[in-house]
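A structural walkthrough
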Amino acid sequence: MNFTTGKMEPDPSGRAITERTGDTGRPVPAEYAGEGYLVLAKAARNILRNRRLRGRYLPADLFADPAWDILLDLFAASAEGQSVSVTSACVAAAVPVTTAQRWLRELERQGLVERQHDNGDRRRVLVRISGAGRDAIAAWLTATGGT
């Protein structure tokens, strides 16, 4: 990420990213804090939008990748300060709810997402990207230039 120009650029070094604690108390890679993190979130949203657009021209089931769609959506929501319910995460996956829930369990098992009860409504369960998931997606977006 070139923070002077705001343009996505691959990290040629491939080095590990220094971490600091962000407003959420979760570790946030230093170079993804603030506006840079929002630029990466916008890139994630663009990828999701383009994946949906592709479905207008080709059979969408040829390209189903619910885990990836969930991670991109949760990454962007994290940067935007949005809470995501399990139901909303399932919608983002663009697959049947049972399939999306199975992928959410696997992503949680892999340590890439976390679940928590909504403090405002204990019946509702929220899901968020974990620090490890956020770091991985941010690093991938940076390495690929957000495309």
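Residues numbered from 1 in each chain as written. Predicted model: local features only at pLDDT ≥ 70, side-chain atom pairs only at ≥ 80, totals over all residues. Heavy atoms only, no water.

A few words now on helix 1 (residues 35–54). Compared with an ideal rise of 1.5 Å per residue, which puts 20 residues at 28 Å, helix 1 spans 29 Å between its outermost C-alpha atoms and is within 8% of the ideal. Those residues of helix 1 not exposed but buried are Gly 36, Tyr 37, Leu 40, Ala 41, Ala 43, Ala 44, Ile 47, Leu 48 and Arg 51. Buried residues along helix 1 cover an arc of 155° about the axis, so they all sit on one side. Residues of helix 1 that are exposed and point more than 90 degrees away from the buried face comprise Glu 35, Lys 42 and Arg 49. In this fold, the buried residues of helix 1 make contact with helix 2 (66–80) and helix 5 (131–144). (Helix = DSSP H or I, 4+ residues; strand = E, 2+ residues; numbered from the N terminus. Expected span 1.5 Å × (residues − 1). Buried < 20%, exposed > 50% of the residue type's maximum accessible area, 1.4 Å probe, protein only. Arc of directions from axis to C-beta. Contact = heavy atoms within 4.5 Å.)

On to the pairing of strand 3 (residues 113–118), then. Summarising the sheet, strand 3 and strand 4 (residues 121–129) pair through six bridges and their orientation is antiparallel. Bridging from a neighbouring strand, His 117 pairs with Val 125 of strand 4. The antiparallel pairing of strand 3 with strand 4 creates a hairpin that spans two residues between the two strands. (Pairing = 2+ DSSP bridges.)

It is worth spelling out the environment of Trp 103 at this point. Along the polypeptide, Trp 103 turns up in helix 4 (residues 97–109). On the accessibility criterion, Trp 103 (34% relative accessible area) is partly exposed. Spatially, the C-alpha atoms of Trp 103 and Asp 65 are 9.7 Å apart, while their sequence positions differ by 38 residues. Residue contacts for Trp 103: discarding those within four places in its chain leaves Pro 66, Ala 67 and Ile 70.

Moving on, we come to the packing of aromatic side chains. Each aromatic ring pair is specified by the distance between its two centres and by the angle formed by the two planes. Summed over the entire model, instances satisfying the criterion amount to two aromatic pairs. Here Tyr 37 and Phe 75 contribute two aromatic rings whose centre-to-centre distance is 5.3 Å and whose plane-to-plane angle is 90°, an arrangement assigned as edge-to-face. Separated by 38 residues along the polypeptide, Tyr 37 in helix 1 and Phe 75 in helix 2 bring together distant segments of the chain. Per residue, the accessibility class of Tyr 37 equals that of Phe 75, and both read buried. Taking the centre distance of 4.9 Å and the plane angle of 80° together, the rings of Trp 68 and Trp 140 count as edge-to-face. Of this pair, Trp 68 sits in helix 2 while Trp 140 sits in helix 5, and the two are 72 residues apart along the sequence. Judged by its relative accessible area of 32%, Trp 140 is partly exposed. In this structure, Arg 54 is placed above the aromatic ring of Phe 63, and the distance from its NZ or CZ to the ring centre is 4.1 Å. (Phe/Tyr/Trp six-rings, centres within 6.5 Å; stacked < 30°, edge-to-face > 60°. Lys NZ or Arg CZ within 6 Å of the ring centre and 35° of its normal.)

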